Amino acid sequence: MASKQSEANSLGLIESLYNSVNANRNSVRSNYSFSKKSMLLMPKTRGFKMASLNIASVPKHIDEIRLLLNDQSPDLICFNETRLDSTISSGEMYINGYDLVRRDRKRKGGGACIYLKNTVNYKNRKDLVPPELEAVCVEISKPNSKPFIVITIYRPPDSSTEYFDKVEEFIATIDSLDREFYILGDLNCNWLQPADPVTKRLKTFCDLYQLLQLINEPTRITETSSSLLDVVITSHPERIINSGVSHLGLSDHSLVYAIRKINAKTSRKQIKIIDSS
């Protein structure tokens, strides 16, 4: 009984904080509810829990992020549009129990970062990331399985379709390592509009590298539009127990998540023949 009361108090605190923050915002939040169910980042399923959110400024929301991670405790969470630069130290963005890996734009706006539990054995693979991309790449080692890679990418909305040339170059490098991998982030192309040239380009290289996009509902909702901009793309969908969207109301985007099996056995990938003619 005490445990249930503690959980109720915690959810109530989060709800109170979120309502207080959103009461001061001018943007429309009519599509975001603040029920106890919506306060959960993801289902309470056993597994390695990954999430991603376009936060529109980590510094602006750092107190809410700290409260949220303390309560929900995902293994890894990615943020896009971090709006961090050299004037803001990682110490200022510290969250108890988590390490921060960041890629700043070095100018106002943009940026990407990943918070990982400090119990996760990981390596920052910045050596794999093309300098043109706002991306963070980490290689994670778990007992009884080969390492796997988690990437977050933020694609600015004014980028041309050629931006995906560098994304594809990046994915080709990862794919050549024969690693299971996951891409989470706001790619600013609406997956629900397959005829759009940018979306078509993304879908094309997903098909080329036999990748699956797991999110199937809108991640940004306004009074006049509904779009799926935030994705979870993987080379090994069979290792995901659950995935979906949580409408938290911290920004004008919703959070996306995926839960990976803890001890996913690694099998050799099927050899792919790519016709380059």
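For the structure, check the block above.
None of these values were measured; they are calculated from a predicted model.

S.K.: Help me get a handle on the overall build of the protein, residues and values and all.
M.R.: In terms of regular secondary structure, the protein is built from 4 helices and 14 strands. Across the 277 residues in the protein, those meeting the buried criterion constitute 49%. Counting only contacts in the protein whose residues sit at least 6 apart along the sequence, the fraction spanning at least 24 positions is 67%. Of the roughly 13300 Å² of accessible surface on the protein, a fraction of 48% belongs to carbon and sulfur atoms.

S.K.: Tell me about the sheet that holds strand 9 (residues 212–213), and please be specific about residues and values.
M.R.: Pairing is mixed in the open sheet, where 6 strands are placed in the order 5-6-7-8-12-9. Every interior strand has two partners, whereas the edge strands, strand 5 (121–124) and strand 9, have only one. Inspection of the sheet shows strand 6 (residues 134–141) paired to strand 7 (residues 148–154) by 7 bridges, in the antiparallel sense. Within strand 7, the position partnered with Glu 134 by the bridge is Tyr 154. Sheet strands in contact with helix 3 (residues 163–176) are strand 6, strand 7 and strand 8 (180–186), and its direction is about 175° off that of strand 7.

S.K.: Before we move on, could you go through the nonpolar core and cite the residues and values that matter?
M.R.: Counting residues in hydrophobic clusters, the biggest one holds 51 residues, and the most contacted among them are Leu 76 and Phe 170. Residues in contact with Leu 76, not counting those within four places in the same chain, are Phe 48, Lys 49, Met 50, Ala 51, Ile 114, Tyr 115, Leu 116, Val 138, Ile 140 and Val 150. The next biggest cluster of nonpolar side chains, apart from the first, holds 24 residues, and it includes Ala 51, Ile 62, Leu 69 and Ile 259.

Thresholds applied
- Residues numbered from 1 in each chain as written.
- Predicted model: local features only at pLDDT ≥ 70, side-chain atom pairs only at ≥ 80, totals over all residues.
- Heavy atoms only, no water.
- Helix = DSSP H or I, 4+ residues; strand = E, 2+ residues; numbered from the N terminus.
- Buried < 20%, exposed > 50% of the residue type's maximum accessible area, 1.4 Å probe, protein only.
- Contact = heavy atoms within 4.5 Å.
- Areas by Shrake-Rupley, 256 points an atom, 1.4 Å probe, with all protein chains shown as cover.
- Pairing = 2+ DSSP bridges.
- Axes fitted to C-alpha atoms, helices over the stretch in contact; angles between N-to-C directions.
- Core = buried A, V, L, I, M, F, W, Y, C linked by side-chain atoms within 4.5 Å.

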